[in-house]
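Overview (structure and organization)
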Amino acid sequence: MADVVFQVRLPRVFAALLVGAGLAISGTTYQGIFKNPLVSPDLLGVSSGACVGAALAILNGLDAGGIQICALLGGLLAVAITTTIPKLLRNSSNLILVLAGIIVAGFMSSALGLLKYVADPETQLPEIVFWQMGSLATTSMGDVMMIVPAMLISMALLIAVRWRINILSLGDEEAGSLGINIRVIRGLAIVCSTVTTACAVCISGTVGWIGLVVPHLCRMLVGPDNTRVIPLSIFVGASFMLVVDTVARTVTSGEIPLSILTGFIGAPLYGWLLFKQRMKIK
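Rules used throughout
- Residues numbered from 1 in each chain as written.
- Predicted model: local features only at pLDDT ≥ 70, side-chain atom pairs only at ≥ 80, totals over all residues.
- Heavy atoms only, no water.
- UniProt positions renumbered as here; feature names shortened; annotations may be inferred.
- Helix = DSSP H or I, 4+ residues; strand = E, 2+ residues; numbered from the N terminus.
- Rg over C-alpha atoms; globule rule 2.2 N^0.38 Å.
- Buried < 20%, exposed > 50% of the residue type's maximum accessible area, 1.4 Å probe, protein only.
- Expected span 1.5 Å × (residues − 1).
- Bend = angle between axes of the 7 residues up to and from the residue.
- Salt bridge = Lys/Arg side-chain N within 4 Å of Asp/Glu carboxyl O.

If you check an unreviewed UniProt entry, the protein chain appears there as Iron ABC transporter permease from Desulfitobacterium hafniense. Of the comments in the UniProt record for the protein chain, the one headed Subcellular location (unreviewed entry) reads "Cell membrane". Check the Sequence similarities (unreviewed entry) section of the UniProt entry for the protein chain; it says "Belongs to the binding-protein-dependent transport system permease family. FecCD subfamily."

**So, the overall build of the protein chain**
Within the protein chain, the secondary structure is distributed over 12 helices and zero strands. If you list the helices and strands of the protein chain from N to C, you get α-α-α-α-α-α-α-α-α-α-α-α. Here the C-alpha radius of gyration of the protein chain, 19 Å, is about what a compact globule of 282 residues would show, namely 19 Å. With the principal axes as the frame, the protein chain shows a C-alpha extent of 60 × 40 × 35 Å. Within the protein chain, the proportion of its 282 residues that are buried is 46%.

**Some details on helix α6 (residues 141-160)**
The terminal C-alpha atoms of α6, which comprises 20 residues, lie 28 Å apart, in line with the 28 Å expected from a rise of 1.5 Å per residue. Along its length, α6 shows its largest kink, about 40 degrees, at V148, and proline P149 lies within four residues downstream of that point. Looking only at α6, the buried set comprises D143, V144, I147, V148, M151, S154, M155 and L158.

**Regarding the UniProt feature "transmembrane region" (unreviewed entry) in the protein chain**
Residues annotated in UniProt with the feature "transmembrane region" (unreviewed entry) correspond here to residues 12-31, 69-89, 95-115, 144-165, 185-214, 226-244 and 256-275. In this annotation, residues 69-89 is assigned 100% helix and 0% strand; the end-to-end C-alpha distance for the span is 31 Å. Helix makes up 100% of residues 226-244 and strand makes up 0%, while its end C-alpha atoms are separated by 25 Å.

**So, unusual backbone geometry**
The phi dihedral of R90 is positive, around 55 degrees, even though this residue is not glycine. Looking at where R90 falls in the secondary structure, it is placed in the loop between α3 (64-89) and α4 (94-118). In this structure, W209 takes a positive phi of about 80 degrees despite not being glycine. Take W209: its relative accessible area is 32%, and that puts it in the partly exposed class.

**Considerations on the pattern of salt bridges**
A side chain with one charge may pair with a side chain of the opposite charge, provided their charged atoms come close. What the rule picks out here adds up to two salt bridges. One salt bridge in this structure joins D245 and R12, with 2.9 Å as the shortest N-O distance. With D245 in helix α11 (residues 226-250) and R12 in helix α1 (residues 2-34), this pair connects stretches of sequence that are 233 residues apart. A single burial state applies to D245 and to R12, both of which are buried. A salt bridge links R12 to E255, with the nearest nitrogen and oxygen atoms 2.2 Å apart. Of this pair, R12 sits in helix α1 while E255 sits in the loop between α11 and α12 (258-281), placing them 243 residues apart in sequence. For E255, a relative accessible area of 26% puts it in the partly exposed group. Connected through salt bridges with shared partners, the residues R12, D245 and E255 form a single ionic network.

Okay, here's the thing in structure tokens:
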């Protein structure tokens, strides 16, 4: 019984809490920086890059730890390419960065499609597809400890600069007039959000909707102030992910991929939040 609790259940609970908190705070930060409520944590291509890294690891027969490391490296590589494109174009605007993310994500999706095409349809292809849909079924305490330092440091930095994200959301001219170093603060926030998202994706696979829905729910509870929304998003995201993972492993005899459940829960919830906001505007 003790082995089940400490080697199976506890690592999975910790992983669910970390993944939910990381995706939620990243989504909240991205939406504040880019002033767009439709922005999600995979904006800069991190999820697509992680999927390519994981698929390469699966094709080469690596174990779960190797898959997670390759996924992390793939996600960080994708974001590195995304952030390099605006430098090559000598245009550091938010629009160019978002467009670069779309380009990289599209390229990574095509690369993933090629890897699926050459994968063994009996063994490798199902594993790639299942990893893409998100799961914490094979999580161990070693996997959790691997991502804890980077995630905690990144989230702590985001909490520390949350009031500056409020200023960035006013626009570049207003932020500059208030003495904020726009490039440094935006760069720090993007790096921390990217590292947090990459760590979350490498351990759970692609999990949608959390980084999109949770920020809206938190703003509805405490208002648009990021000094309150960002800390609250950590708690709400972690709780939401823990509930989803519990449902995923208990509702049927098999393991339901996390993205299926987050889609069924997140899409109606997002629609309800939009309806509530429309009623308030009226």
